[in-house]
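Remarks on the overall topology
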Amino acid sequence: MPILKFENVSKIYPGKFMALEDINLVIEGGEFLSIVGHSGSGKSTLLKLIYAEEQVSGGHVYFNNRAIDSINQKHLPYYRRNIGTVFQDFKLLPQKTAFENVAYALEVSDETQEEINELVPEILDIVGMADKAHKYPRQLSGGEQQKICLARALVRKPLIIIADEPTGNLDPTATWEIIQLLLKINSMGTTVVLATHNKDIVDKLNRRVIALDGGKVIRDIKKGRYAI
Amino acid sequence: MKTIKLKRTFKEGLDNFRRNGWLSFATVSVLAISLYVISVTIILGISANMVLKNVQDKINVSVYFNSDVTESRILEIKDKLVGYQEIQSIDYVSKEQALAQFRKIGEKNVSISQALDEIDDNPLLSALVIKAKNPSQYDLITKAISNSNFSAEISRIDYEENKAAIDRLSSVIKLVEEVGLTLGIIFVFIGVLITFNAIRLTMYAHKHEFEIMRLVGASNIYIRMPFVFEGIFYGTVAAFVVMICLFVTSKFLAPLTRGSISGGDIVSFYFSHFFIIFGGLLISGIFLGTLSGIIAIRRYLKV
């Protein structure tokens, strides 16, 4: 069953800038999908439509057969809890420790303190950050911060992970660590959608690749390499 | 709202307050300065009023009656005057009481008591001592009395002698009230504006975090509540700070006000009104803090 479906989706930003045009895509549960394209090709917009940061201008995006644009504004936070997000700029809360940043995702969904105390160390262990749980983001390297982000995205056991250039700010070693983690998460059944510029990653992954250009899908290959 | 949410957002607010040390310090300072200026204006206004009321209480108009007017007649007139709404109180002072008072004043002055002894008869007149509700009304009252049907029985009204002092006092009172009110309104306005701006900037600093919280799936209430609590902390701490500053200020001003406020000086005023002042500060601090917080967040909170 498809977890995500784009149906004739277009997105026009104010000022009549066409960011996406007539996108039709089906993403199956458990897939590992890379989205490639130049800056401004519409990668980030496509991802924003998934986690409802932006709304479609035309067409529909379905998540588990439910149109996202039909979700009541009030219920969006609950919808977002199905989705883990990872970004190039990490987006960690600067005044919280690694542990607290991960715990925050559980706190907002009213998990009990016992569950938090059990789940957070477990997930920090998975991403290999158990020993840095009480460090603040500013005390961590880029790679370490991104691992905390991944832990935060994972801790609620989302159905899908959206990663927007997660390795954009990382050195090659850290980059590979993050990709390895994404693969590990994917192998446990979570769908991963990765937007990236990094040719090496895409080539080595050898998974489905979607290329965007000027807001349109120009290529969709099952086991592809980086090419625009 | 669930207790767990309330507990967590409270803790969140407290953490924000503690961990953003400098930002909290700056916000509390601005809030405290505004509250301080506002409360000093109000307290100065109140104590100026008290000083003036104190002086005002000492002012009165005496209406002296001809010596042939009987006591019962004077009391009859008094009853008539009681009906005037401008009059606060009327006291009857008989010529015997007047003499006794005069002798008391004259005790130390031999020539007065000698002079009184010389005259067998009591030379003083019975009088009605009238206090007006408002000093500006003395003029009206004396005019009404001199134009009344018993004006023939009146020997003299000593208002004319005090007129200059009374007029000056009533114009001073009016001026103090007007200036105090105008300054008060201006300072309240400036205070609200500055506080609002400071808290708006604080929220602006958090703007990036709102986005993160939304992406993690926090509901609006979960994002907003910690800042509401933060506003409450700002208000509370500022109220404490201002209480201390006001105490120091009143200690400093105390020698100037001693004796002119009924019941002591400004320090005793501070202590006798401690809870009213503190409560007022706490409520306005919290109100200002949370309201500007909520208004500021609204701008940065889109779902």
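Keep in mind the model is a prediction, meaning the values are calculated, not measured.

Let's talk about the overall build of chain A
Counting its regular elements, chain A contains 7 helices and 10 strands. The C-alpha radius of gyration of chain A comes to 17 Å, within 12% of the 17 Å expected for a compact globule of 228 residues. C-alpha extents for chain A along the principal axes are approximately 45 × 40 × 35 Å. Restricting to contacts in chain A with at least 6 residues of sequence separation, those with at least 24 account for 68%.

Things to note about unusual backbone geometry
Residue and element names in this part refer to chain A. Non-glycine residue Lys 91 carries a positive phi angle of around 55 degrees. On the secondary structure map, Lys 91 appears in the loop between strand S6 (83-87) and helix H3 (98-107). Residue Lys 91 is classed as buried on the basis of its relative accessible area of 9%. The residue Asp 110 is not glycine, and still its phi comes out positive at about 60 degrees. Its place among the elements puts Asp 110 in the loop between H3 and helix H4 (113-126).

Overview of the side chain of Lys 91 of chain A
Among the polar contacts listed, one links the side chain of Lys 91 of chain A to the side chain of Glu 211 of chain B, at a separation of 3.2 Å. Residues within four places of Lys 91 of chain A in sequence aside, it is in contact with Arg 152 of chain A together with Glu 211, Ile 212 and Leu 215 of chain B.

Some remarks on helix H1 (residues 3-19) of chain B
Helix length check: H1 of chain B (17 residues) gives 24 Å between terminal C-alpha atoms against 24 Å at 1.5 Å per residue, within 8%. Those residues of H1 of chain B not exposed but buried are Lys 5, Arg 8, Thr 9, Glu 12, Gly 13, Asp 15, Asn 16 and Phe 17 of chain B.

Looking at the sheet that holds strand S4 (residues 58-63) of chain A
Residues and elements named next belong to chain A. On the basis of which strands lie adjacent, the open sheet formed by 4 strands has the order S2-S1-S4-S5 and antiparallel pairing. Each of the sheet's edge strands pairs with one partner strand only, and the pair in question is strand S2 (17-28) and strand S5 (66-67). As paired strands, S4 and S5 are joined by 2 bridges and run antiparallel to one another. When the bridges of S5 are listed, Phe 63 appears paired with Arg 66. Each of strand S1 (2-13), S2 and S4 touches helix H1 (residues 43-50); the most contacted strand, S1, lies at about 120 degrees to it.

Structural notes on the interface of chain B and chain A
Contacts between the two partners involve 21 residues from chain B and, on the opposite side, 31 residues from chain A. Carbon and sulfur atoms make up 49% of the area that chain B and chain A hide from each other, which totals about 2,400 Å². The interface formed by chain B and chain A includes 5 salt bridges. Across the pair Lys 5 of chain B and Asp 110 of chain A runs a salt bridge whose closest N-O atoms are separated by 3.4 Å. One can count 11 residue pairs in polar contact (both at pLDDT 80 or more) joining chain B with chain A.

A few points about the pairing of strand S10 (residues 216-221) of chain A
Residues and elements named next belong to chain A. The pairing of strand S9 (residues 208-213) with S10 spans 5 bridges and is antiparallel. Paired with Ala 211 across the bridge in S10 is Arg 219. Between the end of S9 and the start of S10, which pair antiparallel, lie 2 residues, with Gly 214 showing a positive phi angle near 55 degrees.

Here's the deal with a negative patch on the surface
All names here are of chain A. Together, Glu 114, Glu 115, Glu 118, Glu 122 and Asp 125 make up a region of like negative charge exposed at the surface. Locating Glu 122 in the fold gives a position in helix H4. What makes Glu 122 partly exposed here is its relative accessible area of 43%.

Regarding the pairing of strand S7 (residues 160-164) of chain A
Residues and elements named next belong to chain A. Judged by how many residues are buried, S7 sits mostly within the fold: 5 of 5 residues are covered. Neither face of S7 is exposed, since Ile 160, Ile 162 and Asp 164 on one face and Ile 161 and Ala 163 on the opposite face are all buried. Where S7 meets strand S8 (residues 191-196), 5 bridges bridge the pair, whose relative direction is parallel. Residue pairing in the sheet places Ile 162 in a bridge with Val 193 of S8. Between the parallel pair S7 and S8, the chain is carried across by helix H6 (residues 172-187), and the sense of this crossover is right-handed.

Digging into the sheet that holds S6 of chain A
Residues and elements named next belong to chain A. Reading across from one edge, S6-S7-S8-S3-S9-S10 is the order of the 6 strands in this open sheet, with mixed pairing throughout. Bordering the open sheet on either side are S6 and S10, each of which pairs with just one other strand. Sheet twist, expressed as the average angle between the axes of neighbouring strands with direction ignored, equals 15 degrees. Bridge count for S6 against S7 is 5 bridges, and the pairing is parallel. Bridge pairing in S7 links Thr 85 to Ile 162. Packing of helix H5 (residues 142-154) onto the sheet brings it into contact with S6 and S7, and relative to S6 it is tilted by some 170 degrees.

About the cut-offs
- Residues numbered from 1 in each chain as written.
- Chains lettered and ligands numbered in written order.
- Predicted model: local features only at pLDDT ≥ 70, side-chain atom pairs only at ≥ 80, totals over all residues.
- Heavy atoms only, no water.
- Helix = DSSP H or I, 4+ residues; strand = E, 2+ residues; numbered from the N terminus.
- Rg over C-alpha atoms; globule rule 2.2 N^0.38 Å.
- Contact = heavy atoms within 4.5 Å.
- Buried < 20%, exposed > 50% of the residue type's maximum accessible area, 1.4 Å probe, protein only.
- Polar contact = N/O pair within 3.5 Å; in protein donor to acceptor, adjacent residues only side chain to side chain.
- Expected span 1.5 Å × (residues − 1).
- Pairing = 2+ DSSP bridges.
- Axes fitted to C-alpha atoms, helices over the stretch in contact; angles between N-to-C directions.
- Buried area = accessible area lost by both parts, 1.4 Å probe.
- Salt bridge = Lys/Arg side-chain N within 4 Å of Asp/Glu carboxyl O.
- Patch = residues over 30% accessible without salt bridge, like charges linked within 9 Å, V, L, I, M, F, W, Y side chains within 5 Å.
- Areas by Shrake-Rupley, 256 points an atom, 1.4 Å probe, with all protein chains shown as cover.
- Lys, Arg positive; Asp, Glu negative; His and termini not counted.
- Charge placed at Lys NZ, Arg CZ, Asp CG, Glu CD.
- Right-handed = clockwise from strand over helix to strand, strands pointing away.

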